[in-house]
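# Summary of the model geometry
One-letter residues, chain by chain:
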Amino acid sequence: MSTALAVWLLVVTPGAVDHRGPAQGQVTMSERLLFAFDVPDAARKWVPVNDTVMGGVSTSTCRVTESGTLQFNGEVSLANNGGFASIRTGTSSLDLSSYDEFVLRIRSDGKRYALSVSTDYPIAAGAYYFNLKADAGEWREIRVPFHSFQARSFGRRIPGAPPMNTADIRAVGFIISDKQAGPFLLEIDWIKAASRQGD
């Protein structure tokens, strides 16, 4: 086979693999779908955890909508020193050490929510949190770098806490707190893990 023909086959043959990697300055993305809600029983993996565990009376539920999203809604009450509602899902030690961030698509009512992550590091009445910002009624894709999470216990940052251990993630969830009394509604389309590779 001539050298010219071999080069032509490499360029045009479907499935040919280029092992050279990304060119200088080029960034490639690697993604892994973690949670999607295109089947009715997908909500069974998510469990409400509200201030009732501390004597409060806030309520929350989660369900899969007809459009295939997860709806987290309820009402936050400040009675009995309460003030938060949340949902979360447990995993059997999810290893995301080869990724850099979460990517999620959400639609909110304009209130303040946080993405929560629990790992092998024990935190009393807390987890690692990242505050989410989304305008009311608009779908938004949000990127959350793993290094941006803060460890908090009883709503307060924990000085000296280690970085979030992405090799041993045991629960992912959403929480509304900060004395935001009243009804709330957050809708989640999907959650992915992603990494950026290249220069």
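Now for a quick tour of the structure. A quick note: this is a predicted structure, and the numbers were derived from the prediction, not measured.

With that settled, consider the side chain of Gln-71. By secondary structure assignment, the location of Gln-71 is in strand E4 (residues 70–76). Residues within four places of Gln-71 in sequence aside, it is in contact with Thr-61, Cys-62, Arg-63, Thr-65, Leu-185 and Leu-186.

With that out of the way, let us pick up the sheet that holds strand E10 (residues 150–153). The strand order E2-E5-E12-E7-E8-E10-E11 describes an open sheet built from seven strands, whose pairing is antiparallel. The open sheet is flanked by strand E2 (47–48) and strand E11 (156–157), the only strands paired with a single partner. Summarising the sheet, strand E7 (residues 113–119) and strand E12 (residues 169–176) pair through six bridges and their orientation is antiparallel. Pairing of Ala-114 across the sheet is with Ile-175, part of E12.

Scanning the model with the defined rule gives nine aromatic pairs in all. Here the aromatic rings of Phe-35 and Trp-46 are separated by 5.3 Å at their centres, their planes lie at 65°, and the arrangement is edge-to-face. Taken together, the positions of Phe-35 in strand E1 (residues 27–36) and Trp-46 in the loop between E1 and E2 put the pair 11 residues apart, joining distant regions of the chain. Ring plane angle 75° and centroid distance 5.0 Å describe the contact between Phe-102 and Phe-146, whose orientation is recorded as edge-to-face. Pair noted here: Phe-102 is in strand E6 (residues 101–108) and Phe-146 is in the loop between strand E9 (139–145) and E10, with a separation of 44 residues, a long-range link. A relative accessible area of 8% places Phe-146 in the buried class. Following the ring pairs from residue to residue traces out a cluster consisting of Phe-35, Phe-37, Trp-46 and Phe-174. We note Lys-192 situated over the ring of Trp-190; from NZ or CZ to the ring centre the distance is 4.4 Å.

Even without being a glycine, Asp-178 presents a positive backbone phi close to 60°. Locating Asp-178 in the fold gives a position in the loop between E12 and strand E13 (182–198). Looking at Asp-178, the relative accessible area reads 51%, which means it is exposed. Non-glycine residue Lys-179 carries a positive phi angle of around 60°. Mapped onto the secondary structure, Lys-179 falls in the loop between E12 and E13.

Calculation criteria
- Residues numbered from 1 in each chain as written.
- Predicted model: local features only at pLDDT ≥ 70, side-chain atom pairs only at ≥ 80, totals over all residues.
- Heavy atoms only, no water.
- Helix = DSSP H or I, 4+ residues; strand = E, 2+ residues; numbered from the N terminus.
- Contact = heavy atoms within 4.5 Å.
- Pairing = 2+ DSSP bridges.
- Phe/Tyr/Trp six-rings, centres within 6.5 Å; stacked < 30°, edge-to-face > 60°.
- Buried < 20%, exposed > 50% of the residue type's maximum accessible area, 1.4 Å probe, protein only.
- Lys NZ or Arg CZ within 6 Å of the ring centre and 35° of its normal.

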